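Examination of the molecular architecture
Each chain, written out:
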Amino acid sequence: MSFPIANPDVYLNYLTPSVANDYELVRDFNLVTFGALFWDILSSMPEDYRLIRTRKSSVTLFAYFVRRPTNLVETVIAILQYTGPITNCGLLLTIAAAFQVISSTTASYLFLKRVHTIYCRNKIVTRVFSFLWLVGVGMSCAVFYGAFQDHIEIADTKHCFREKGSSVLSVAFMDPILFDTLVYIAITWKILTTHHPEPRQSCWKTFLRGEALPRISRALLQSGQQYHLITMGVDMVRFAYTLVPSSSPTAQVLLADPASSLTGVMACRVYRNLIIRTLDCEVVVGGVLKTPVFAEGRVVNVSLPMKRSWRLWVADLMITADPVHL
């Protein structure tokens, strides 16, 4: 026996209590995510201005500046989905899926260029990772299927609702886990094997603390560790949600936008910090370094040309490509 809806204008009245709770939880998560993204963009504006002013135009720099605005638009659309009013759920979710594909693609591209720079002399590795990146772009397009098939309007309330789950979505959520892990392993292996830490105990110290590594090599290693540990946990939980049969279709996408946003923030942060550190080294290139030197018991200042120091730093890192590719 069915009972009439007491207040048909309230969209939550058409949902079961558990699904309505998941619906509200997803909305709140997206609102918090929007605030965090907006704060991240504002707080990094001085560094972004420095990148624009000092770096040459490149595809990598373009991907960096495209990543966060697209993620912000994606989050805004996700909020509209759960707050309404929406006249066409399919069109709105298709636009959101397009922005999600762009944001995930640009984030993975930043790390693809890291591999290209580290392995600039190994064409096989660079081509393999370029192929994996293209495969990832195709896998991320699986979100379009969910946008077309899974969402409907709640009665006539102009609010969108994810009616059924889709196993295809798991494919899109699995790709960042695989690609980021392979990139992390490749870069870490290259750094550790290049500097040949001995004995084995020293190797572990180098891996955990970055000891015995040049400054930029240490930055590459530790920033990769931070990114991998933080984003991998969230991505694994997001992927696991899509595999739980007891979860409602709404709960399965609980971490979809927050995980995508966190990945973008961390990817841009890692890229930005490394470039800023590189710029700090470039400031002194061609200048003069004053260093104390002992001469017959007396300390004197000797001018050292920094041009050679810059080349030695690049040799230590085994990066011979133009630093703009970083």
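Residues numbered from 1 in each chain as written. Predicted model: local features only at pLDDT ≥ 70, side-chain atom pairs only at ≥ 80, totals over all residues. Heavy atoms only, no water.

Take the overall build of the chain next. In terms of regular secondary structure, the chain is built from twelve helices and four strands. When the 326 residues of the chain are sorted by exposure, 48% land in the buried category. Long-range contacts, defined here as pairs at least 24 residues apart, represent 71% of the contacts in the chain between residues at least 6 apart. For the chain, the accessible area works out to roughly 17,100 Å², and carbon and sulfur atoms hold 65% of it. (Helix = DSSP H or I, 4+ residues; strand = E, 2+ residues; numbered from the N terminus. Buried < 20%, exposed > 50% of the residue type's maximum accessible area, 1.4 Å probe, protein only. Contact = heavy atoms within 4.5 Å. Areas by Shrake-Rupley, 256 points an atom, 1.4 Å probe, with all protein chains shown as cover.)

This part covers the nonpolar core. One recurring pattern in soluble globular proteins: nonpolar side chains tend to sit buried together. Of all hydrophobic cores here, the largest spans 32 residues; its most connected members are Leu51, Leu110, Val115, Phe129 and Val183. When contributions to this core are tallied by element, the ones reaching two or more residues are α3 (59–83), α4 (89–118), α5 (123–140), α7 (168–195), α9 (215–241) and α11 (256–283). In terms of residues, this core owes the most to one element, α11, which gives nine residues. If we skip the residues at most four places from it in the chain, Val183 touches Phe111, Val115 and Phe129. One finds Val26, Ile154, Phe161 and Ala256 within the second-largest nonpolar core, a separate group that totals 22 residues. (Core = buried A, V, L, I, M, F, W, Y, C linked by side-chain atoms within 4.5 Å.)

In this section: the pattern of salt bridges. Opposite charge on two side chains allows them to pair when their charged atoms are near. Inspection of every chain in the model, using the stated rule, returns five salt bridges. Two residues, Arg27 and Asp28, come together in a salt bridge whose shortest N-O distance is 3.5 Å. For Asp28, a relative accessible area of 35% puts it in the partly exposed group. Linking Asp48 and Arg68 is a salt bridge whose minimum nitrogen-to-oxygen distance equals 2.5 Å. On the criterion of sequence distance, the pair formed by Asp48 in helix α2 (residues 45–54) and Arg68 in helix α3 is long-range, its members being 20 residues apart. Sharing partners across several salt bridges, the network here consists of Glu24, Arg27 and Asp28. (Salt bridge = Lys/Arg side-chain N within 4 Å of Asp/Glu carboxyl O.)

Residues of the chain with pLDDT of at least 70 account for 72%, and the chain-wide mean is 75. No element of the chain has a lower mean pLDDT than helix α12 (residues 306–317), which averages 40, and none a higher one than α5, which averages 91. (pLDDT = per-residue confidence, 0-100.)

So, about α3. Its 25 residues place the ends of α3 36 Å apart at the C-alpha level, agreeing with the 36 Å of an ideal helix rising 1.5 Å per residue. Positive backbone phi, at 70°, marks Gly84, one or two positions downstream of α3. (Expected span 1.5 Å × (residues − 1).)

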